[in-house]
Amino acid sequence: GESMEGFNINSSFLAQLQLTKQIKSQSAKSRDDIYASAGATLTPDDLKDLPQGLEFADWAYDEDPSGKPLKELLREQGYALLKHDKTAVPGYLGHYIAISTDPREKKAIIGVKGTSSL
């Protein structure tokens, strides 16, 4: 009696480990398949503007070490601030909208803060 119960528990545990490994393996394969079919692979050149984009995102939080106002920071980068909602109310999004000051460029920036709930 007692020796069989121990064997059954051990066998169940080993079977559970094997099933868990199979599920993890399938999840990894599914993830890899999604990545492989998601589009072109990025190159370092594709990411060259990423640091500036992250800086623009930080500005939605009024986070710049220089302490300069957002309007001035954007002007230095060739953008004009159209709107800036600085809401500090939890659950509401703050944002800013800016457009390029160069009429040949059709660029806009939308910086959003408080997106953890989106």
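Residues numbered from 1 in each chain as written. Predicted model: local features only at pLDDT ≥ 70, side-chain atom pairs only at ≥ 80, totals over all residues. Heavy atoms only, no water.

### Describing the pattern of salt bridges
Step number 1: For the coordinates displayed, the defined rule picks out four salt bridges.
Step number 2: Across the salt bridge formed by Lys48 and Asp49, the nearest N and O atoms sit 3.6 Å from each other. Both residues of the pair, Lys48 and Asp49, count as exposed.
Step number 3: Put simply, Glu105 and Lys107 hold a salt bridge, and the shortest N to O gap is 3.9 Å.
Step number 4: You can call Glu105 partly exposed: its relative accessible area is 35%. (Salt bridge = Lys/Arg side-chain N within 4 Å of Asp/Glu carboxyl O. Buried < 20%, exposed > 50% of the residue type's maximum accessible area, 1.4 Å probe, protein only.)

### As for a nonpolar patch on the surface
Step number 1: On the surface, Leu42, Leu47, Leu50 and Leu54 cluster together into a nonpolar patch covering about 390 Å² of accessible area.
Step number 2: Assignment of secondary structure puts Leu47 in the loop between helix H1 (2-36) and helix H2 (50-59).
Step number 3: Residue classification places Leu47 among the partly exposed positions, given a relative accessible area of 40%. (Patch = residues over 30% accessible without salt bridge, like charges linked within 9 Å, V, L, I, M, F, W, Y side chains within 5 Å. Areas by Shrake-Rupley, 256 points an atom, 1.4 Å probe, with all protein chains shown as cover. Helix = DSSP H or I, 4+ residues; strand = E, 2+ residues; numbered from the N terminus.)

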